Amino acid sequence: MIELQHLTKQYDQFVAVSDLNLTIKTGEFFGLLGPNGAGKTTTISMLSTLLLPTKGSIQIDGEPLTRKNDRLKRKLSVVTQEYSMRQDMTMDEIMEYQGRLYYMPVKKIRERSEELLDFCGLLNYRKRTVRKLSGGMKRKLMVCRALLTEPEILLLDEPTAGMDALARRQMWNLLKKLNQRNLTILLTTHYMEEAESLCDRVGFMCRGVLEETDTPRHMIELLGRYAVDETTGDGVRSHYFSGKEEAIRYLSDSPWETTLRSTTLEDVFLEHVGKLDRK
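The rules behind the values
- Residues numbered from 1 in each chain as written.
- Predicted model: local features only at pLDDT ≥ 70, side-chain atom pairs only at ≥ 80, totals over all residues.
- Heavy atoms only, no water.
- Core = buried A, V, L, I, M, F, W, Y, C linked by side-chain atoms within 4.5 Å.
- Buried < 20%, exposed > 50% of the residue type's maximum accessible area, 1.4 Å probe, protein only.
- Helix = DSSP H or I, 4+ residues; strand = E, 2+ residues; numbered from the N terminus.
- Contact = heavy atoms within 4.5 Å.
- Salt bridge = Lys/Arg side-chain N within 4 Å of Asp/Glu carboxyl O.
- Axes fitted to C-alpha atoms, helices over the stretch in contact; angles between N-to-C directions.
- Parallel < 35°, antiparallel > 145°, perpendicular 65-115°, else oblique.
- Left-handed = near helix turned anticlockwise from the far one by under 90°.
- Nonpolar A, V, L, I, M, F, W, Y, C, P; charged D, E, K, R; others polar.
- Pairing = 2+ DSSP bridges.
- Expected span 1.5 Å × (residues − 1).
- Arc of directions from axis to C-beta.

Colleague: Where do I start with the nonpolar core in this structure?
Modeller: The nonpolar side chains of a soluble globular protein tend to be buried with one another. Counting 48 residues, the largest nonpolar core has L33, L122, L141, L154, L178 and L265 as its most contacted members. By residue number, the principal contributor to this core is helix α5 (residues 135-147), which donates seven residues. With residues up to four places along the chain from it excluded, the contact list for L178 reads F119, V143, L147, L154, L183 and I185. Membership of the second largest hydrophobic core comes to 23 residues, among which are L20, L22, L72 and L76.

Colleague: Is there a simple way to explain unusual backbone geometry in this structure?
Modeller: Trans peptide bonds make up most of the peptide bonds, and negative phi angles are found at most residues other than glycine. Residues other than glycine seldom take positive phi values, yet D19 does so here, at roughly 50 degrees. Assignment of secondary structure puts D19 in strand β2 (residues 14-24). For E158, which is not a glycine, the phi torsion comes out positive at approximately 50 degrees. As for its placement among the helices and strands, E158 is situated in the loop between β7 (153-157) and α6 (165-180). Under the relative-accessibility criterion, E158 is labelled buried at 14%.

Colleague: How do you make sense of the pattern of salt bridges when you look at a structure like this?
Modeller: Once the charged atoms of two side chains with opposite charge are near each other, the side chains can pair. This model, assessed by the stated rule, comprises 16 salt bridges. Residue D88 is joined to R86 by a salt bridge in which the shortest nitrogen-to-oxygen separation is 2.7 Å. On the basis of relative accessibility, which here comes to 39%, the residue D88 falls in the partly exposed class. On the basis of relative accessibility, which here comes to 52%, the residue R86 falls in the exposed class. Between D267 and R261 there is a salt bridge, with its nearest N and O atoms 2.8 Å apart.

Colleague: Please clarify how the packing of helix α3 (residues 91-101) against helix α4 (residues 106-119) should be interpreted in this entry.
Modeller: How two helices pack is summed up by the angle between their axes together with the distance between the axes. Between α3 and α4, the shortest axis-to-axis distance is 9 Å and the interhelical angle comes to 130 degrees. Considering the angle they form, α3 stands oblique to α4. Of the two possible hands of crossing, α3 and α4 adopt the one that is right-handed. Where α3 abuts α4, its residues M91, D92, M95, E96, G99 and R100 lie against V106, I109, R110, S113, L116 and L117. The residue makeup of the contact of α3 with α4, split by class, is six nonpolar, two polar and four charged.

Colleague: Can you walk me through the sheet that holds β2 in this structure?
Modeller: Note on sheets: strands pair through backbone hydrogen bonds, and any given pair is parallel or antiparallel. Across the sheet, which stays open at both edges, the four strands sit in the order β2-β1-β4-β5 with antiparallel pairing between neighbours. The open sheet terminates on both sides in strands that have one partner only, identified here as β2 and β5 (63-64). Here strand β1 (residues 2-11) pairs with strand β4 (residues 55-60) via five bridges, running antiparallel. Bridged to I2 within β4 is I60. This element, helix α1 (residues 40-47), spans β1, β2 and β4 of the sheet and lies at about 115 degrees to β1.

Colleague: Got a minute to help me understand α3 in this structure?
Modeller: Owing to its 3.6 residues per turn, the α-helix aligns residues three or four sequence positions apart on the same side. Among the residues making up α3, those that are buried are M91, D92, I94, M95, E96, Q98 and G99. The elements touched by buried residues of α3 are α4 and α5. Of the residues trailing α3, Y103 is marked for its positive phi of about 55 degrees.

Colleague: How do you make sense of α4 when you look at a structure like this?
Modeller: Look at α4: 20 Å from first C-alpha to last across 14 residues, which is about the 20 Å you get at 1.5 Å a residue. Listing the buried residues of α4 in full gives I109, R112, S113, L116 and L117. The arc enclosing the buried residues of α4, seen along the axis, measures out at 125 degrees, which places them on a common side. Residues of α4 that are exposed and angled more than 90 degrees away from the buried face: K107 and R110. Lining the buried residues of α4 we find α3 and α5. Remark: G121 follows α4 within two positions and exhibits a positive phi of approximately 75 degrees.

Rendered as C-alpha cells:
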C-alpha cells in the first residue's frame, strides 16, 4: 500500500505539488490525470526518490520511504517518459546491465529476461539493438527492464506517449495482465480513454493540487451517462444527461445540429479542469 501524507514540493515561491494526501491499495491500478504542469511527474519523481519532498512523507506498507532504504526502494520500479536506454545495446544487454546494477546473479538475470521478453512479445527481437526497435518495442522493453527486479509497485509516467494506436492497445493489454498478477500500478497519462479502460480509480490534479479521486464509472455517472454535442455559431457545446430519454428530448428540441453519444472520462476531465482553470 502507498500512502502519501501532506506531500509537498516547492521550488522557491513555486509550489509544484501542494499538500497531497492519497492512499493507493495493494494491487490497485490508479491513474493520476491532469494538464501539463499539474504536478504528476513531480509526484512520480518523489515516489521514486529522485526528488525529495519539501514537506510531508511517503510510506510503503506502513514504512517511511527514504533514499537510504534500499530494501524498500526495491519494491518500486519506474518507467519514465523519456527513452533512457543506450542505442547500441541489444535487449539482452539492456536487461543484463540493469540486473547487474542491482547485484542480481547472472543466472537469475537471464531467467527473468527470458520470461519477461516472452511475456511482452519481444523474445524474437532480443538480439536487435535499441536503435532498430520501433517506439512500441522500446516502451515494452522499458517495462521489461522495470520488472526485472520483481517490484511490487510499478510507476508509469506516460508510458504510451508517442505510440501508434495498435502499439498503445498492446501496451494496455500488457498492463492489464501485470495488474492481474497483483502488481500495484500508478499511471500518469494524457489519454483519458487509457485511464478509463485501465484504472480502478483516477485522481485529477490541477496546479499541484489533487482535486478529486473516484472510479471512472462513478465520475461519468455523476456528470451524466449521455452526452449531446450541439454545434452552435460559437462552436461545439456538450450537454450531459442521466437518462437517454431526457437526452433525446433535448436533442429533438434543439435548433442546432446535434449528436447523441455516451459520456466518457474525457468529458468529465474537461468539465472539471475547465472549471478549475476559470477560477
